[in-house]
Structure formats: structure tokens, C-alpha cells
Amino acid sequence: GAGVSQSPSNKVTEKGKDVELRCDPISGHTALYWYRQSLGQGLEFLIYFQGNSAPDKSGLPSDRFSAERTGGSVSTLTIQRTQQEDSAVYLCASNRGAGSGELFFGEGSRLTVL
Amino acid sequence: RKEVEQDPGPFNVPEGATVAFNCTYSNSASQSFFWYRQDCRKEPKLLMSVYSSGNEDGRFTAQLNRASQYISLLIRDSKLSDSATYLCVVNGRASGGSYIPTFGRGTSLIVHP
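The sections below set out a description of the structure shown in this document. Nothing here was measured: the structure is a model prediction, and the numbers come from that model.

### Structural notes on the pairing of strand 4 (residues 33-38) of chain B
Residues and elements named next belong to chain B. The buried count for strand 4 comes to six of six residues, which makes it a mostly enclosed element. Taking every second residue as pointing to the same face, both faces of strand 4 are buried, with F33, W35 and R37 on one and F34, Y36 and Q38 on the other. Taken together, the six bridges between strand 4 and strand 9 (residues 84-93) define a ladder with antiparallel strand orientation. Following the sheet pairing, F33 is matched in strand 9 by V90.

### Considering the interface of chain A and chain B
Taken residue by residue, the interface counts 20 residues in chain A and 19 residues in chain B. Across the interface of chain A and chain B, roughly 1600 Å² is buried in total on both sides, 56% from carbon and sulfur atoms. Counting the surface chain A buries against chain B, the share from its top three residues, A:L43, A:D56 and A:F105, is 25%. Run the count over chain A and chain B and you get zero salt bridges. Counting the contacts that link chain A with chain B gives four residue pairs in polar contact (both at pLDDT 80 or more). Elements supplying a minimum of two residues to the side of chain A that touches chain B: strand 4 (31-37) and strand 5 (43-50) of chain A. A per-class count over the side of chain A that touches chain B returns eight nonpolar, eight polar and four charged.

### Some thoughts on unusual backbone geometry
Geometrically, the link from A:S7 to A:P8 is a cis peptide bond, its omega value of -10° lying close to zero. Along the chain, A:P8 falls in the loop between strand 1 (5-7) and strand 2 (10-13). A cis amide bond links B:G9 to the next residue, B:P10, at an omega of 5°. With respect to the helices, strands and loops of the structure, B:P10 is situated in the loop between strand 1 (4-6) and strand 2 (11-14). Phi angles above zero are rare outside glycine, and B:Q69 is one such case at about 60°. In this fold, B:Q69 is placed in the loop between strand 7 (60-65) and strand 8 (70-75). With relative accessibility at 18%, the residue B:Q69 sits in the buried group. Here B:D77, not a glycine, exhibits a phi torsion of approximately 50°, which is positive. Mapped onto the elements, B:D77 comes out in the loop between strand 8 and strand 9.

### Things to note about the nonpolar core
Here is a general trend for soluble globular proteins: nonpolar side chains tend to be buried in one another's company. Within the largest apolar cluster, 23 residues are counted, with the highest numbers of intra-cluster contacts made by B:F21, B:W35, B:I71, B:L73, B:I75, B:Y86 and B:L109. Those elements giving two or more residues to this core turn out to be strand 3 (19-25), strand 4, strand 5 (45-50), strand 7, strand 8, strand 9 and strand 11 (107-112) of chain B.

### A few points about the sheet that holds strand 8 of chain B
All names here are of chain B. Strand order in the open sheet made by the five strands is 1-3-8-7-6, with antiparallel pairing throughout. Each having just a single partner strand, strand 1 and strand 6 (55-57) make up the two edges of the open sheet. Recorded for the sheet is a direction-independent mean angle of 20° between the axes of neighbouring strands. Of the strand pairs in this sheet, strand 1 and strand 3 are connected by three bridges, and their pairing is antiparallel. Across the sheet, residue E5 finds its bridge partner in strand 3, namely T24.

About the cut-offs
- Residues numbered from 1 in each chain as written.
- Chains lettered and ligands numbered in written order.
- Predicted model: local features only at pLDDT ≥ 70, side-chain atom pairs only at ≥ 80, totals over all residues.
- Heavy atoms only, no water.
- Buried < 20%, exposed > 50% of the residue type's maximum accessible area, 1.4 Å probe, protein only.
- Helix = DSSP H or I, 4+ residues; strand = E, 2+ residues; numbered from the N terminus.
- Pairing = 2+ DSSP bridges.
- Contact = heavy atoms within 4.5 Å.
- Buried area = accessible area lost by both parts, 1.4 Å probe.
- Salt bridge = Lys/Arg side-chain N within 4 Å of Asp/Glu carboxyl O.
- Polar contact = N/O pair within 3.5 Å; in protein donor to acceptor, adjacent residues only side chain to side chain.
- Nonpolar A, V, L, I, M, F, W, Y, C, P; charged D, E, K, R; others polar.
- Core = buried A, V, L, I, M, F, W, Y, C linked by side-chain atoms within 4.5 Å.
- Axes fitted to C-alpha atoms, helices over the stretch in contact; angles between N-to-C directions.

Put into C-alpha cells, the structure is as follows:
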């Protein structure tokens, strides 16, 4: 498809397990962002990748969270030792780079930690 | 103080009403501004960019006041289909140094018959 693709769309896991969330951005988009949205809350910035530059990780809430982007395309967000407060919708977005305006979002991965 | 603040609402208005939302931002160095719309359990989608000179798209008008650091969105002749959450977005510098779109919590609009 032509849009941002995220998987899984839903993930239920037990506290303490690790989870991986995947994002496939729009082809040609050099910038990729991860946000999370808790129930009734706004979008919280997590991490930003721009081309081959070092990512801006300043939004990651703890060292249990990490992300990588391979080959400048697909990104994986990993949450280790999940906690109940990690339950949220994790949204990935891409665009042509800083200052290029519109963010194109995927449909999100809804994570529930029991 | 949050970087981007919005009244969460909900704003409950009848069809045909005019409704206005405001948003304030704290970073005076912010460079670009947007309104996004988010339907229930869906991803956000761009509604319109906001320019210093103000801009209009059909029933929607957006304005930016840099001196007071606020952004507004005016919706005229509200439709039932306008019911959604409206997110104010400001490109501000994250602590890591990058300019990152920063989202407000959103303002909920409910348009009723």
C-alpha cells in the first residue's frame, strides 16, 4: 500500500514480557517518528529518525524503550519488561524531513499490558 | 507549563453553529503550526497548516498570533461530520535538538442535530 503500515494492530501481553512494534513508512520518506497516545491523552513524542543521522531519542520514557531503523526504511520499537503503564496506542508517522510539514500516520499499534 | 495547551472541551454545538478553538504554545522559537483532526480510535490526519497571514479552507479558518503565541481554528456552519478531536500541533525543538511536531491534548467537538 501507499500509506504508513504498522504491525501488529493489536497486542496483548503480560507484564514483564518484551514486545516489538513495526513501522513501514511511505517510500521515499526520510523522516520517521514514533509517538504514543494513552487513553484520553495527547500524542507523546518518543523518537525521531532522519535519514542516516543519529536518532533523537529524547522522548523515550525509560531505558526499557529502544528503537532502530534499518536501511533508512522499516523501524522497530522495542519495549522490554513491559509495565501496565506502557499500555497505549503507539503511532508511527513519516514525512520527507524536518520542515516538510504534514505527518502521515499509520493506524497505530494498540498495546495492552495485563 | 505544557508546550502546547488546548481546552479539552467537549464543545457541544448544534448543526450550523460557528465554533472556535484556541491553542497556546510556550516555545517562541517555534516555526510551523498545524491543525490535525482525529476521529475516535483513528490516526490523526492533517486538517490545515497555519500561516502568519491566516488561511482559510472552505468552512475552516486558521490564524496565528506569534506575539501572543496562540493559534486559533474557526469552523463555520458546523456539520455532524465535523465531530472529532482537533489537535493543535507546533514544531518545536525537542531536548535532543531536533524540531519535532509537538501535539496538544486536543479539543473534542460534538456537533448534534
